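Now for the letters of each chain:
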Amino acid sequence: MSDLGDWYRGVPRFTRLWFTGTVALTLFGRFGLLNPINLILLYSEAVKRLQVWRFITSVLYYPLTPQTGFHYLINLYFLYNYSRRLEEGTYQRKPADFAFLLIFNWICCIIMGLVADMPLLMDPMVLSVLYVWCQLNSDVIVTFWFGTRFKAIFLPWVLLGFNLVISGGGLMELIGILIGHLYFFLAFKYPQELGCPSLLSTPGFLKNWFPEEGGGTFGPAPDRGPAIPRGRMWGQGHVLGGN
């Protein structure tokens, strides 16, 4: 238990908060402590009845069943692995910028969820963060199933294609890729290629809440550390989320 506590305390704060939230809500829904219908994104409830908590719970909650358990665990793996790598790598000592990345991607997921009538948004949120890491570490070699090795920049597309073949899904992954690319383009690609300021600027109130640790500016160069992540199968989605 002490080792587990040490591991948990060693997870950077935003990744730890995200990881804890999705585990807690998913288990609460699984064991009937919360009604799952109150955790998903429904336009009639979230917007018309102002049940605003759904904007948060729909990103964290995932319906856990014997059929979806493996997919949920893979989601947790990607969430923990790539969010932590970003928070401890590119955004090290820049907590406000990392918080803004999560907020920006979350808002985009909510908008797409309302437009496309998607009640579950864990998949696109996780993949959007994974996509940003893959773009910032595009030349790092990752390992997929059966020892397949390729550059990280291809990983989101491999996951999209794999899920498309295995489960006939792919919409959630595609939306996650589009959201991640939107953030990466506005925050990194546009200013780096044109020498212009970033089109995304972290709000001042976030910098006040989470001051930088050791200084630095937003939009650092890509982090190409030597760590090699271990990929896994994205798995089969749940019909409630359209995946």
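The following refers to the structure shown. No experiment lies behind these values; they were computed from the predicted model shown.

Let's talk about the packing of aromatic side chains
The geometry of two aromatic rings is summed up by the distance between their centres and the angle between their planes.
Step number 1: Inspection of the entire model under this criterion finds 16 aromatic pairs.
Step number 2: Arranged with centres 6.1 Å apart and planes meeting at 20°, the rings of Tyr-62 and Tyr-72 form a pair that is stacked. Taken together, the positions of Tyr-62 in the loop between α4 (54-60) and α5 (69-88) and Tyr-72 in helix α5 put the pair 10 residues apart, joining distant regions of the chain. Take Tyr-62 and Tyr-72: they sit in the same class, and that class is buried.
Step number 3: With centroids separated by 6.5 Å and ring planes inclined at 50°, the aromatic side chains of Phe-100 and Phe-104 adopt a geometry described as tilted. Taken together, the residues Phe-100 and Phe-104, both in helix α6 (residues 95-116) and four residues apart, mark about one turn of the helix.
Step number 4: A relative accessible area of 11% places Phe-100 in the buried class.
Step number 5: Its relative accessible area of 14% is what places Phe-104 among the buried residues.

Quick word on unusual backbone geometry
Step number 1: Of note, the phi angle at Leu-50 is positive, near 55°, even though the residue is not glycine.
Step number 2: When you line up the elements, Leu-50 lands in the loop between α3 (43-48) and α4.
Step number 3: The phi dihedral of Arg-93 is positive, around 70°, even though this residue is not glycine.
Step number 4: If you trace the backbone, Arg-93 turns up in the loop between α5 and α6.

So, the pattern of salt bridges
Step number 1: On inspection of all chains with the given rule, the structure shows six salt bridges.
Step number 2: Measuring nitrogen to oxygen at the nearest pair gives 2.6 Å for the salt bridge that ties Arg-9 to Asp-6. Of the two residues, Arg-9 and Asp-6 are both situated in helix α1 (residues 2-10); the distance of three residues between them amounts to about one turn of the helix.
Step number 3: For Arg-9, a relative accessible area of 58% translates into the label exposed.

Examining helix α8 (residues 155-167)
Step number 1: Over its 13 residues, α8 runs 18 Å from end to end, which matches the ideal 18 Å to within 8%, given 1.5 Å per residue.
Step number 2: Turning to α8, its buried residues number three or more, namely Leu-155, Pro-156, Leu-159, Leu-160 and Asn-163. Across the axial projection of α8, the buried residues extend over an arc of 145°, all falling on one side.
Step number 3: Those residues of α8 hidden inside the fold are in contact with α5, α7 (122-136), β1 (141-143), β2 (149-151) and α9 (171-194).

Parameters at a glance
- Residues numbered from 1 in each chain as written.
- Predicted model: local features only at pLDDT ≥ 70, side-chain atom pairs only at ≥ 80, totals over all residues.
- Heavy atoms only, no water.
- Phe/Tyr/Trp six-rings, centres within 6.5 Å; stacked < 30°, edge-to-face > 60°.
- Helix = DSSP H or I, 4+ residues; strand = E, 2+ residues; numbered from the N terminus.
- Buried < 20%, exposed > 50% of the residue type's maximum accessible area, 1.4 Å probe, protein only.
- Salt bridge = Lys/Arg side-chain N within 4 Å of Asp/Glu carboxyl O.
- Expected span 1.5 Å × (residues − 1).
- Arc of directions from axis to C-beta.
- Contact = heavy atoms within 4.5 Å.

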